[in-house]
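# Structure at a glance
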Amino acid sequence: MEKSFSLQTEILGGIINAALISYALILNPAIVSATGMPFPALMTTTILVTIIFTFLVGVYARVPFIQSVYMGENAFFAFTVVLASQIDWRIALGIVFWSGVIFAIVTFSGLRKRLAVHIPKELGLAWGSAVSFFLLYLALANAGVFTKNPLPGLPTIPGKYYEPQILSFFLLTALIIILYKLLPFQIRGIGMLISIIVALLIGPLVYKINGEYITYPSFAIVFSDPSPIIAQVDLIKAWNYAYFIIIFFLIAFVDVTGTLKALVTPLKFKNEEEIIEKVMRVEGFSIMGGAYVGQPTVGTYIESGGAVAAGARTGIASIVTALVLIPTLFITPFFSNLPPSFLLWATAPALAAVSGFILMKVFEEIDFRNNPQATILILMTLPGVISGNLLLAFTLPMASIAGYEYLTKKKASIAPIIISLIGFIILGLYHY
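Notes on the structure in this doc start here. Model, not experiment: these values are computed from the prediction. (Residues numbered from 1 in each chain as written. Predicted model: local features only at pLDDT ≥ 70, side-chain atom pairs only at ≥ 80, totals over all residues. Heavy atoms only, no water.)

## Some remarks on the overall build of the protein chain
We apply this condition: The way it works is that DSSP assigns letters per residue, a run of H or I at least four long becomes a helix, a run of E at least two long becomes a strand, and they are numbered from the N terminus. Throughout, radius of gyration means the C-alpha value; the globule benchmark is 2.2 Å times the number of residues raised to the power 0.38. Throughout this description, buried means an accessible area under 20% of the type-specific maximum (1.4 Å probe, protein chains only), exposed means over 50%, and partly exposed covers the range between. Asp and Glu count as negative and Lys and Arg as positive, but His and the ends of the chain are not part of the count. Every charge is mapped to an atom, namely NZ of Lys, CZ of Arg, CG of Asp or CD of Glu.
For the protein chain, the helix and strand inventory stands at 17 helices and six strands. The C-alpha radius of gyration of the protein chain comes to 21 Å, within 12% of the 22 Å expected for a compact globule of 432 residues. If you line up the protein chain on its principal axes, its C-alpha atoms span 60 × 55 × 45 Å. A total of 432 residues make up the protein chain; the buried ones form 56% of that total. Of the side chains in the protein chain, 24 bear a positive and 20 a negative charge, and the two mean positions are spaced by 5 Å.

In structure tokens, the structure reads:
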């Protein structure tokens, strides 16, 4: 099937994608700002990388896909690499940058196909389950459902569930679920954006800081200065943490491979592999470019399926998405002047929904009846999840993947053996 073209459909698909990605423009800086990086600059550069690389995907790969900062990878960057490992965010950005360089080399050298075939998909799905549990933990903590434990690990102090802000969280999460069920497939993810808008509307009525309801700052049409985090990557010291570079590369590679396969297959193009190849070439540069302007891993969003479901088939939709998002640059000061804790609360229902969507994908992809051994990999992530250490949650399944393949196929090929060795080396380097 060749690409069919309808300008009206492409424009509609682009607008749908812009609406579907809008929640991330607020949620990502709210997560990454935990590192101490300034929220105003983070929000501006989140929007910039989304606009620039979505536009490039449209122009070069000519497909209706969105690129933005990955959920999950941003939490790993903020809470495991910077906070738990006490690595300066500039060095952490260098780690992400070099992972993008490796990604680009693998893609342009032609190694992508061979590597993708030999990495068991269950490894990426196990990582997805770990990320979903961790994001749910953050969502509940940000909503006030429990008080965060000051030490790494699970929370210990429950919140007061009758407080308006906690009740609102549960109601807004229910709203997302209801909209997900009721809305057409191509726009059902928009419930996350609606939940954020509703939270912002009711915030002054239900959210208190030090016993006082919040008030909103005046609105001005300007955009926040991104310069404090642009070109701050530390490329030299990043190699002191080579194991993190490998982890970021593998996570991005597995995530992107699965996402693109899910998005490209419904398009039914004859040159499916060529399209995936082109998008992945952009991915390498988007990871490097994102790190240069202060962002964790940038990649293709599964929400791009909204435009595909609406009938979009060309890069015109991505170009429209990029153009539609340009005005959002000028509302960044409004969000930047809001209390950080309030923004975390307002985005908590969307974050909980993201965790749920990731977990749904994991359970849809794994056939537990015919492959019960896959449960082992998911269980291997739990020590890391419970201790609040995503690196442990990622490396234990890596170290186990050769054993998993032998258990399921009665043999272990070279790629899983290498991944398992890398997992053991990372565990040794990190813990000893």
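On we go.
## Focus: the nonpolar core
Spelled out, the test is: Put simply, buried Ala, Val, Leu, Ile, Met, Phe, Trp, Tyr and Cys residues joined by side-chain atoms within 4.5 Å make one nonpolar core.
With 131 residues, the main nonpolar core has Tyr 23, Phe 65, Phe 76, Phe 77, Phe 335 and Phe 394 as its most contacted residues. Among the elements that take part in this core, helix α9 (residues 242–264) stands out by supplying 15 residues, more than any other. Among the nonpolar cores identified, the runner-up in size contains five residues, and Val 49, Phe 53, Val 69 and Val 298 belong to it.

## Thoughts on the packing of α9 against helix α16 (residues 390–409)
The condition is simple: Axes, fitted as lines to C-alpha atoms, cover a helix only where it is in contact. Angles between the N-to-C directions of the axes lie from 0 to 180 degrees. Any angle that is under 35 degrees is reported as roughly parallel, and any over 145 degrees as roughly antiparallel; angles of 65 to 115 degrees are reported as roughly perpendicular and all others as oblique. Throughout, a contact is declared for two residues whenever any of their heavy atoms are within 4.5 Å. When residues are grouped by polarity, Ala, Val, Leu, Ile, Met, Phe, Trp, Tyr, Cys and Pro land in nonpolar, Asp, Glu, Lys and Arg in charged, and all others, Gly among them, in polar.
With their axes 12 Å apart at the nearest point, α9 and α16 run at an angle of 75° to one another. With respect to α16, the axis of α9 lies roughly perpendicular. Contact residues: Tyr 243, Phe 244, Ile 247, Leu 250 and Ile 251 in α9; Leu 391, Phe 394, Thr 395 and Met 398 in α16. By residue class, the composition of the contact of α9 with α16 is eight nonpolar, one polar and no charged.

## A look at unusual backbone geometry
In this model, Arg 62 sits at a positive phi of 60°, which is unusual for a non-glycine residue. For Arg 62, the position within the fold is in the loop between α2 (39–61) and β1 (67–69). Phi is positive for Ala 231, which is not a glycine, with a value near 60°. One can find Ala 231 in the loop between β5 (212–213) and α9. When its relative accessible area of 39% is taken as the criterion, Ala 231 is described as partly exposed.

## Focus on the packing of α2 against helix α10 (residues 272–292)
In plain terms, the rule: Note on convention: the crossing is left-handed when the near helix lies turned anticlockwise from the far helix by less than a right angle, right-handed when the turn is clockwise.
The geometry of α2 relative to α10 is characterised by a closest axis approach of 10 Å and an angle of 160° between their N-to-C directions. Comparing the axis directions of α2 and α10 gives the class roughly antiparallel. The crossing of α2 and α10 is right-handed. Contacts from Val 49, Phe 53, Leu 56, Val 57, Tyr 60 and Ala 61 in α2 reach Lys 278, Val 279, Arg 281, Val 282, Phe 285, Ser 286, Gly 289 and Gly 290 in α10. Per-class residue counts for the contact of α2 with α10 are nine nonpolar, three polar and two charged.

## Topic: a nonpolar patch on the surface
This is how the line gets drawn: Any residue with relative accessible area above 30% and no salt bridge may belong to a patch, with like charges joined within 9 Å and the nonpolar Val, Leu, Ile, Met, Phe, Trp and Tyr side chains within 5 Å. Using a 1.4 Å probe, the Shrake-Rupley method yields the accessible areas, and only the shown protein chains count as cover for residues. By definition here, a salt bridge exists when the distance from a side-chain nitrogen of Lys or Arg to a carboxyl oxygen of Asp or Glu is within 4 Å.
The grouping of Ile 221, Phe 223, Leu 323, Ile 326 and Phe 330 at the surface amounts to a nonpolar patch, some 480 Å² of accessible area in total. Within the element layout of this structure, Phe 330 appears in the loop between α12 (316–325) and α13 (332–336). Judged by relative accessible area, which is 31%, Phe 330 ranks as partly exposed.

## Remarks on the packing of aromatic side chains
Convention followed: Stacked, edge-to-face and tilted are the three classes for Phe, Tyr and Trp ring pairs, Trp counted by its six-membered ring, which pair at centre distances within 6.5 Å; planes under 30 degrees apart are stacked, over 60 edge-to-face, the rest tilted. In this analysis the charged atom, NZ for Lys or CZ for Arg, is taken to sit over a ring once it is within 6 Å of the ring centre and within 35 degrees of the ring normal.
For the coordinates displayed, the defined rule picks out 23 aromatic pairs. Judged by centre distance (5.4 Å) and plane angle (50°), the ring pair of Trp 98 and Trp 239 falls under tilted. Here Trp 98 is found in helix α4 (residues 89–108), whereas its partner Trp 239 is found in the loop between β5 and α9, with 141 residues between them in sequence. A relative accessible area of 23% means that Trp 98 is categorised as partly exposed. A ring pair is formed by Phe 334 and Phe 335, whose centres lie 5.4 Å apart and whose planes are at 85°; its orientation type is edge-to-face. Comparing Phe 334 with Phe 335 shows no difference in burial state: the two are buried. A cation over an aromatic ring shows up here: Lys 278 above the ring of Tyr 60, its NZ or CZ 5.7 Å from the ring centre.

## Some remarks on the environment of Arg 188
Structurally, the position occupied by Arg 188 is in the loop between α7 (164–182) and α8 (191–206). In the structure, Arg 188 is positioned 89 residues away from Glu 277 in sequence and 29 Å away in space, judged by C-alpha atoms. Residue contacts for Arg 188: discarding those within four places in its chain leaves Leu 179, Tyr 180 and Leu 183.

## A closer look at the pattern of salt bridges
Considering all chains together, one arrives at two salt bridges under this definition. With a shortest N-O distance of 3.0 Å, Asp 88 and Arg 90 are connected by a salt bridge. On the accessibility criterion, Asp 88 (33% relative accessible area) is partly exposed. Among the salt bridges present, the one from Lys 278 reaches Glu 274, with a minimum N-O distance of 3.9 Å. Taken as a pair, Lys 278 and Glu 274 lie in helix α10 at a separation of four residues, close to a single helical turn. For Lys 278, a relative accessible area of 24% gives the class partly exposed. By relative accessible area, which is 42% here, Glu 274 ends up partly exposed.

No statement about biological role is implied by the geometric values presented.
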